Every structure is written in C-alpha cells, then in structure tokens.
Amino acid sequence: MTTKEKIIQLLSENKDEFVSGEDLALKLSLSRAAVWKAIKALESDGYKIEAVTNRGYRICALPDKLDLRTLAEVSGLEPGQVIIFDSIDSTNKEAKRRIVEGEGAKLHKTLFAAEEQTAGRGRLERKFLSPAKKGVYFTLVYCPQTQVIPAVMTSAAAVSVCQAVEELYKTGCSVKWVNDIFSGGKKIAGILTEGITNFETGRIESAVIGIGVNIKPSNKIKKSAAKNIAGFLTQAPRIADAPETKGLPTRARFISEIAGQVFKILDEPVKKVMAEYKSLMFLIGKKLTVHPLIGDNKTAYNATAVDLDKNAGLIVKLPNGTKKTLSSGEVTLHNS
C-alpha cells in the first residue's frame, strides 16, 4: 500500500473528524513534511481535503474516479472480480472476448467498468456515446445454472438501475420495453444483454449485461443524433419531497450499487423481478407502433400494450381485438 493509500485509509476511518498531521506521521512512521507532501498529491488526484491549523486534516469529498476499493466493497465483490479500464472500445466486447478465449465460468459475477468507451453500442449496433467522466459504462458477466431468457436479465438490470437512481440521485425513472430507462421524458440509460450459447446444449452459459447511464451533459451527445431524446441524471427532476443530499455520489458508488443489486436479483426467483419490472413500465395501456423488423416501416402495425408475461414478453392488443406477445422487435408510442 502506498503512502497516499495509507493516508486515505486513515482519514476514511475517521470520517467527518480531523486527524492531526502529527498523528498521521506517527502512525505511518513518516515525517510531517512527508505527510504534507502526500496530502498535496492526493489533492492533485481529486481528493478534497480540509486542513485546519491545530486540528489536522479530514476528507470532504472523494475524487470521481473508478476506484477498485469502492467498486469491490460496495458491490460485495472480491477485488479480482472487478476489472477497470481508463478507455476501451466496449466493455461488452471485452467481456465476450475473454469468454471466447475460455474464461467463461471464471468470470461469473465479474464487473468490467470503463472511464470511457470509444465504440459503445446498443441494440442493432447502434452507437452509445460514452464520453469520459460524463456517465457510467460497465458490463456484468453472469453464468446461470439453469436456462434463462436474456430479456429477463435485461429486466433485472433495468430494475436495479431504477432503484439505484432513486436511492442515490433522488430521481424517479421508468422503463420503456425492453431495455431503455427514462427520467423526465428523456432516455438516461440503455441496457444490452448478450448471451454466449453452448451449441451442443442450446443453453446460455454466459450472459453479458452491458449498462450505460448518462449522468452529466456532454457536447458529444448534444451534437449527436440522440440529442432530442437523450437525458442526463443531473438534469432530471427530483422526486417530490426527497431529502436533500450533500452532492452527487461518485460514479464508482453508483456502479457498485447497480452491480450488487443485479447479481442479487438474478439469484432470486424470476417472478419477483418481473413484477417489479412491470410496475416500472410506462407503456401499459398506451397506443404503440410495433416494428417486428426494426427499421422496416412496411411491417409496422399499431397496437395497444396491455400486459407483460413472465418472460418479459410484451403483450399487445391489435385493433381487431386479437393479442400478440412480443419477444423481439421495437415499439414506439403511437403518434395520433
């Protein structure tokens, strides 16, 4: 452990209290000058440390970076289950690369997180812009012991994202079937679940769940094709009567809350998560345009969303009264 890490540990253990430079020097077997130098280095790293004469030092705010300690401890994972990148093409792609190389079972409940993605993507290879320090971009690997449906895993991730947003940002959100999270009428997050299948058994052996959430406004997004639909957590409306917070949570804390909850939910009966997912959906009862083949307007038709089945299939009612269950495709609110 470096000197900086030791000082952070001591200050964190005495949160909201001052620790004198003399005590820090004594406990770490350092000179007062070495302590002062380490404090200045920590401030350069983004830590906000209050220094008061005759009282000492205390941490006021942590730097907003993806630190291993927070990602592991808050999510309940071991350090070896957390992999961090400053920059990568896509955390989903990296997870899949490692699975294909034979690491599948070893990666069960592994978290891949990146400060930025250069080729983030959503469904149908659509771009998901992932600028540095403007959001969270991460992938969770889960190796199910029984047969699972990817849409159910997407539902578990959606529920977890909404719970973390409400808890940490005091902002309400809802789900657009099957993988988009909205707040204040804007899309703040997307989820992409991909399965690695054993061709002999036909069973999904590894699921890769990619999650991206927009936190702060970005010029890249504002100038992109998504500018009219994209939203940001810092601009989303707060829940009425929600208690005030002392500032934004770190991105590491946000990721950890979501990751820990996703893995917890996936270990529970499917019925419970589907009930929560349905309660978060805003499409039930709404008139929709259904695109069975995404991007093909010729096959599109109008329908009304009426229910959700146990496998996250959207049940819609056609104008003639018949019902269909959608397991794929795309829906948009009907303009009429």
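Above: the structure in question.
Note that this is a predicted model, so its numbers are computed, not measured.

*Asks:* Please explain the sheet that holds strand S4 (residues 110–114) as it appears in this structure.
*Replies:* In sheet architecture, strand pairing relies on hydrogen bonds along the backbone and comes in two forms, parallel and antiparallel. Overall, mixed pairing links the 7 strands, which are arranged S3-S4-S5-S9-S8-S7-S6 in an open sheet. Edge positions in the open sheet fall to strand S3 (82–85) and strand S6 (174–176), since each of these has one partner strand only. Going across the sheet, the axis of each strand differs from the next one's by a mean of 20 degrees, ignoring polarity. The pairing of S4 with strand S5 (residues 135–142) spans 5 bridges and is antiparallel. Each residue of the ladder has a partner; that of Ala-113, found in S5, is Phe-138.

*Asks:* What is the right way to look at the nonpolar core in this model?
*Replies:* Within soluble globular proteins, side chains that are nonpolar tend to cluster in buried spots. Ranked by size, the top nonpolar core spans 65 residues in total, and within it Trp-177, Ile-181, Ile-211, Phe-254 and Tyr-277 carry the most contacts. Looking at this core element by element, the count peaks at 13 residues for helix H6 (residues 150–169). Once you skip the residues sitting within four places of it in the chain, Trp-177 turns out to touch Tyr-277, Met-281, Leu-283, Leu-308, Ala-312, Gly-313, Leu-314, Leu-326, Ser-327, Ser-328, Gly-329 and Val-331. Leu-10, Val-19, Val-35 and Tyr-47 belong to the second largest nonpolar core, which has 16 residues in total.

*Asks:* Can you walk me through the pairing of strand S11 (residues 301–308) in this structure?
*Replies:* Side-chain direction in a regular strand flips from residue to residue, so the side chains alternate between the two faces of the sheet. Here strand S10 (residues 287–291) pairs with S11 via 4 bridges, running antiparallel. The residue bridging Val-290 from the neighbouring strand is Tyr-301, located in S11. Pairing analysis gives 4 bridges linking S11 to strand S12 (residues 314–317), with the strands arranged antiparallel. Bridging from a neighbouring strand, Leu-308 pairs with Leu-314 of S12.

Conventions and cut-offs
- Residues numbered from 1 in each chain as written.
- Predicted model: local features only at pLDDT ≥ 70, side-chain atom pairs only at ≥ 80, totals over all residues.
- Heavy atoms only, no water.
- Pairing = 2+ DSSP bridges.
- Helix = DSSP H or I, 4+ residues; strand = E, 2+ residues; numbered from the N terminus.
- Axes fitted to C-alpha atoms, helices over the stretch in contact; angles between N-to-C directions.
- Core = buried A, V, L, I, M, F, W, Y, C linked by side-chain atoms within 4.5 Å.
- Buried < 20%, exposed > 50% of the residue type's maximum accessible area, 1.4 Å probe, protein only.
- Contact = heavy atoms within 4.5 Å.

What is shown is where atoms sit, not what they do.
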